[in-house]
Amino acid sequence: ICENKHSWLENYMTYPIYDASIPVFIRTLNALDACLDKAQIHADELKFDFNNLLSARLAPDMFSLGRQIQIACDFAKGVSARLAEVEMPDFADNEVSLAEYKERIAKTIAFIQSIPAEKFEGAESREIVIVRKDTKREYSGLVYLHHAGMPNFYFHVTTAYNILRHNGVAIGKKDFIGAT
């Protein structure tokens, strides 16, 4: 049912894609940034190098905290750019310090805030095509947002949160959700 691009979409032609994406990305990235601040305090209190957290992972075959932050930012800017049909900035994946990761989050927020809400008009039915290696996926904007973009974004933010929590950073659900 969810892959059918048109059957239920007609009922949502005025769906506020901007409201369902940009404020959510901003709030969640700000919450991630605040969790990183708490992680720095944790590292300072225990007198260990914060870079140890950046390389931490939950399992040997999972990405590190630093890579989770990069990918979360990439999904926020990528989903936003595709839905709004604007050029996506290219961020080099070369961060090595907490300050650089926080700057990536700030750049991502600044980019998505710069996209006018009007650019999202009609995005729910816009064709989104994602090509990765030998895979091609086609979505309507609404299906892309809810069945690919947001789940991937939240997966990487949640994994970053879990890495921090697993390493003793005193954060909880309110930290994950962000300011209300």
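Up top you'll find the structure we're talking about.
Everything numeric here is computed off the predicted structure, so don't read it as measured data.

(A) Spotlight on empty space enclosed by the protein. In this structure the tally under the stated criterion is one cavity of 30 Å³ or more. The space that makes up the largest cavity amounts to roughly 40 Å³. If you trace the largest cavity, you find it lined by Thr28, Ala31, Leu32, Cys35, Val157, Tyr161, Asp175 and Phe176. Elements represented by at least two residues in the lining of the largest cavity include exactly helix H1 (17–46), helix H5 (141–166) and helix H6 (173–177).

(B) Structural view of the environment of Ile115. Considering the arrangement of structural elements, one finds Ile115 in the loop between helix H4 (98–113) and strand S1 (127–132). Given the relative accessible area of 4%, Ile115 is considered buried. Through-space distance from the C-alpha of Ile115 to that of Ala84 is 7.5 Å; in sequence the pair is 31 residues apart. Discounting chain neighbours no more than four positions away, the residues touching Ile115 are Tyr18, Ser80, Ala81, Ala84, Val86 and Phe120.

(C) Here's a closer look at the pattern of salt bridges. Scanning all chains against the criterion turns up ten salt bridges. The partner of Arg126 in a salt bridge is Glu85, with the nearest N and O atoms 3.3 Å apart. One end of the pair, Arg126, is in the loop between H4 and S1; the other, Glu85, is in the loop between helix H3 (65–84) and H4, with 41 residues separating them in the sequence. On the accessibility criterion, Arg126 (14% relative accessible area) is buried. For Asp93, the salt bridge is made with Arg104, and the minimal N-O distance between the two is 2.9 Å. A residue pair is termed long-range when its members are at least 10 positions apart, and Asp93 in the loop between H3 and H4 and Arg104 in helix H4 qualify at eleven residues. For Asp93, a relative accessible area of 42% puts it in the partly exposed group. Here the salt bridges do not stand alone but share partners, grouping Arg67, Asp74, Lys77, Asp93, Glu95 and Arg104 into one network.

About the criteria used
Residues numbered from 1 in each chain as written. Predicted model: local features only at pLDDT ≥ 70, side-chain atom pairs only at ≥ 80, totals over all residues. Heavy atoms only, no water. 1 Å grid on protein atoms, 1.4 Å probe; cavity = no way out; pocket = protein on both sides within 12 Å on 5 of 7 lines; lining within 4 Å. Points joined across faces, edges and corners; volume = space filled by probe spheres on them. Helix = DSSP H or I, 4+ residues; strand = E, 2+ residues; numbered from the N terminus. Buried < 20%, exposed > 50% of the residue type's maximum accessible area, 1.4 Å probe, protein only. Contact = heavy atoms within 4.5 Å. Salt bridge = Lys/Arg side-chain N within 4 Å of Asp/Glu carboxyl O.

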